[in-house]
Amino acid sequence: MRIGILAVQGGFDSHARALAAAGYTAVLVREPRDLDGLAGLVLPGGESTTQWKLIARHGLGPALVAFVRSGKPVLATCAGLILLASKVRNPEQPSFALLDVQVARNAWGRQLDSFEAAPDGGGDPMVFIRAPRIEAAGQGVEVLATYRGEPVLVRQGSVTGAAFHPELGSPAAYARLFPWSAPS
Ligand code: GLN
């Protein structure tokens, strides 16, 4: 099964390795036609401002929006989550508004810029890197995991959003995140 990874900037390589380890064929997406025939899409972490600009430069915006709206599974992590959010703060910046959450960038605090922690109630450790905070989530958004009482893993329809970096955690935990069916 072919899963695309937006590959204009950021941590697409580690997602490619994690997808391959989980038995998927990873396809790097840099132009609209790269999205053809994909079963799902990963929007990796990185620097969301830079990614936003590069998406525009590569003419990828409309094709990405169409892909997410198609209902195929999308995993948006960290900067990817910021790109899909309905509102971005700290600072404000444009976003696709395809996931009904408000996020604040780099908001887990200076001393917590990078850390690993288990979700509330226990579970697979999560790696946070200058992570966005999910400050508010709309009614259609399901909260799958919290940390210190705040949502860190959410799902709305076919879109899963993680404030952390699941590709840097255990391969089994990464594979469990995918809503799409078993690899073939
Ligand atoms: N701080 C980054 C941003 O705001 C996101 C961090 C990440 O993707 N690791 O774009």
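About the cut-offs
Residues numbered from 1 in each chain as written. Predicted model: local features only at pLDDT ≥ 70, side-chain atom pairs only at ≥ 80, totals over all residues. Heavy atoms only, no water. Pairing = 2+ DSSP bridges. Helix = DSSP H or I, 4+ residues; strand = E, 2+ residues; numbered from the N terminus. Axes fitted to C-alpha atoms, helices over the stretch in contact; angles between N-to-C directions. Contact = heavy atoms within 4.5 Å. Near = heavy atom within 4 Å. Polar contact = N/O pair within 3.5 Å; in protein donor to acceptor, adjacent residues only side chain to side chain. Areas by Shrake-Rupley, 256 points an atom, 1.4 Å probe, with all protein chains shown as cover. Nonpolar A, V, L, I, M, F, W, Y, C, P; charged D, E, K, R; others polar.

(A) Here's a closer look at the sheet that holds strand S1 (residues 2–6). With mixed pairing, the seven strands of this open sheet are ordered in space as S2-S1-S3-S4-S12-S11-S10. In this open sheet, the two strands that pair with only one neighbour each are strand S2 (25–29) and strand S10 (142–147). Direction aside, the axes of adjacent strands within the sheet are offset by 20 degrees on average. Here S1 pairs with S2 via five bridges, running parallel. Paired with leucine 6 across the bridge in S2 is valine 29. The strands touched by helix H3 (residues 61–69) are S1, strand S3 (40–43), strand S4 (74–77) and strand S12 (159–162); relative to S3, the strand with the most contacts, the crossing angle is about 125 degrees.

(B) Broad picture of the environment of glycine 37. Mapped onto the fold, glycine 37 is located in the loop between S2 and S3. C-alpha of glycine 37 to C-alpha of glycine 4: the two residues are 33 residues apart in sequence and 9.5 Å apart in space.

(C) Up close: the pairing of strand S11 (residues 150–156). Two elements, S10 and S11, share five bridges in a ladder whose sense is antiparallel. Looking across to S11, one finds that valine 143 is bridged to valine 154. Counting the residues that bridge the hairpin from S10 to S11 gives two residues, and of these arginine 148 lies at a positive phi of roughly 50 degrees. As paired elements, S11 and S12 share four bridges and run antiparallel to each other. Note on S12: the bridge partner recorded for glutamine 156 is valine 159.

(D) Here's a closer look at the site of the ligand. Neighbouring residues of the ligand: Gly45, Gly46, Glu47, Ser48, Cys78, Ala79, Ile82, Arg105, Asn106, Ile129, Arg130 and His165. Contact between the ligand and asparagine 106: a nitrogen atom at 2.3 Å from a side-chain N or O atom of the residue. Isoleucine 129 is positioned with one of its backbone polar atoms (N or O) 3.0 Å from a nitrogen atom of the ligand. Burial of the ligand by the protein chains amounts to 96% of its free accessible area of 300 Å². Classifying every residue of the shell around the ligand gives four nonpolar, five polar and three charged.

(E) Fine view of unusual backbone geometry. With an omega of -10 degrees, the peptide bond running from asparagine 90 to proline 91 counts as cis. Despite not being glycine, asparagine 106 has its phi angle at roughly 50 degrees, a positive value. Among the structural elements, asparagine 106 can be located in the loop between strand S6 (99–104) and strand S7 (114–117).

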